[in-house]
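Now for the letters of each chain:
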Amino acid sequence: MTLKLSVLDQSPIAEGMSPETALENTVKLAKYAEELGFSRFWVSEHHDTTTLAGSSPEVLIAHLAAKTERIRIGSGGIMLPHYSSYKVAENFRVLEGLNPGRIDLGIGRAPGGMPRASLALNNGSYRNVNQYPEQIDDLLGYLMDELPDNNPYEGLQATPKISTIPEVWMLGSSPSSAVLAAQKGLPYTFAQFINGEGGPQYTKDYRSHFIPSKLLSRPRNMTAVFVICAETDEEAERIATSIDLSLIMVEQGMRSNGTPSPEKAAAYQYSRFEKARVLENRKRMIVGNPQVVKKRLMELSEQYETDEIMLVTITHDFKDKVKSFELIAEEVL
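Model, not experiment: these values are computed from the prediction. (Residues numbered from 1 in each chain as written. Predicted model: local features only at pLDDT ≥ 70, side-chain atom pairs only at ≥ 80, totals over all residues. Heavy atoms only, no water.)

## Here's the deal with the packing of helix 1 (residues 19-36) against helix 12 (residues 318-332)
Relative to each other, helix 1 and helix 12 sit at 15°, their axes nearing to 11 Å. Between helix 1 and helix 12, the interaxial angle falls into the category roughly parallel. You can see that helix 1 and helix 12 cross each other, and the crossing is right-handed. In this structure, helix 1 contributes Asn-25, Lys-28, Leu-29, Tyr-32 and Leu-36 to the contact, and helix 12 contributes Phe-318, Lys-321, Val-322, Phe-325, Glu-326 and Ala-329. Considering only residue class, the contact of helix 1 with helix 12 consists of seven nonpolar, one polar and three charged. (Axes fitted to C-alpha atoms, helices over the stretch in contact; angles between N-to-C directions. Helix = DSSP H or I, 4+ residues; strand = E, 2+ residues; numbered from the N terminus. Parallel < 35°, antiparallel > 145°, perpendicular 65-115°, else oblique. Left-handed = near helix turned anticlockwise from the far one by under 90°. Contact = heavy atoms within 4.5 Å. Nonpolar A, V, L, I, M, F, W, Y, C, P; charged D, E, K, R; others polar.)

## Thoughts on the environment of Ile-73
One can find Ile-73 in strand 3 (residues 72-79). Taking C-alpha positions, Ile-73 is 5.8 Å from Arg-40, a pair spaced 33 residues apart along the chain. Setting aside residues no more than four positions away along its own chain, Ile-73 makes contact with Phe-41, Trp-42, Ile-61, Leu-64, Ala-65, Thr-68, Arg-102, Ile-103 and Asp-104.

## So, the pattern of salt bridges
Here the structure, examined in full by the defined rule, presents 26 salt bridges. Arg-116 is paired through a salt bridge with Asp-48; the nearest N and O atoms lie 2.8 Å apart. Taken together, the residues span a long stretch of sequence, with Arg-116 in helix 4 (residues 115-121) and Asp-48 in the loop between strand 2 (40-43) and helix 2 (57-67) at a distance of 68 residues. A salt bridge links Glu-235 to Arg-238, with the nearest nitrogen and oxygen atoms 3.0 Å apart. On the criterion of helical spacing, the pair formed by Glu-235 and Arg-238 is a turn pair, its members being three residues apart in helix 8 (residues 233-251). A relative accessible area of 28% places Glu-235 in the partly exposed class. Under the relative-accessibility criterion, Arg-238 is labelled partly exposed at 33%. Each of the salt bridges in this network shares a partner with another, and the network as a whole consists of Arg-40, Arg-72, Asp-104, Glu-167, Arg-220 and Glu-308. (Salt bridge = Lys/Arg side-chain N within 4 Å of Asp/Glu carboxyl O. Buried < 20%, exposed > 50% of the residue type's maximum accessible area, 1.4 Å probe, protein only.)

## Some points on unusual backbone geometry
For the bond running from Gly-76 to Gly-77, omega is 5°, close enough to zero to count as cis. Within the secondary structure, Gly-77 is located in strand 3. The omega angle of the peptide bond from Thr-159 to Pro-160 is 5°, so this bond is cis rather than trans. One can find Pro-160 in the loop between helix 5 (132-144) and strand 5 (167-172). Of note in the backbone geometry, Asp-48 takes a positive phi value of approximately 55° without being a glycine. Its identity as a non-glycine residue notwithstanding, Glu-305 has a phi of 50°, on the positive side. Residue placement: Glu-305 occurs in the loop between helix 11 (290-304) and strand 9 (308-312). Classification of Glu-305 by relative accessible area gives exposed; the value is 54%.

This is how it looks when you write it as structure tokens:
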């Protein structure tokens, strides 16, 4: 089976790096991912953080699409409960109109930040995640010009009215998100880089509960996983210690000035509990030389019954990140 690979980039900020440089690196990576033959390049939405620069995926998508020619560009994802479905539909119709057949609209319901940021995004109100299924219906209605008669905005058009629509994906890391994607008849991406447990089973549930829709006649899914690849296993392990420590810091609410260096990670005194957490978090990652990474990717492909996997790579040194994608492309694509 031919395996397609894609990229999810969160515009990570390493210690000592400026946010401007992090965004520049995302642009460089998108252009190089296209050269290497990756299928998609998605960017994420994170708020009020010193470690990730990607807070506005729709703005970043516009820039990335203008800097590339063929690779699909999209969101991984837009956190829909923060926003008006109508405005999201118009944003992505503009993006699709500028780049026909190249735009992906990945949506999710996670907050993408701490409660303070959620309140600010919702003008001081608590976001109502219970409305998420309704918001999806509204979003699809606007994109396809098919709001039902009983919708209070029936007849309202999301402009511009263009001849194509972005490819809509539902993102998630839980059994409920998988079932919801199936009920809506949308393609589904499971975030193994967020949740290392249960992904293959949740995706199996998605396929078994799938209801065909106008956008998708058969279930379609992929998974996203942390990947660090280097010439040798030893070098890959050294590079991966940065994300090991970074995840520990996030989990424990430690102050962070960005992705730590492997040297800082080597000097860190891990408690017994933290060592156990590092091992647990490795369920969310693939780390190794090109042959090891290819083998693990093929195994994931079988477990998720998919021909496409999305790679998430965070390193302290951007050169190590670029090299990781280069080695994987040479081995797999």
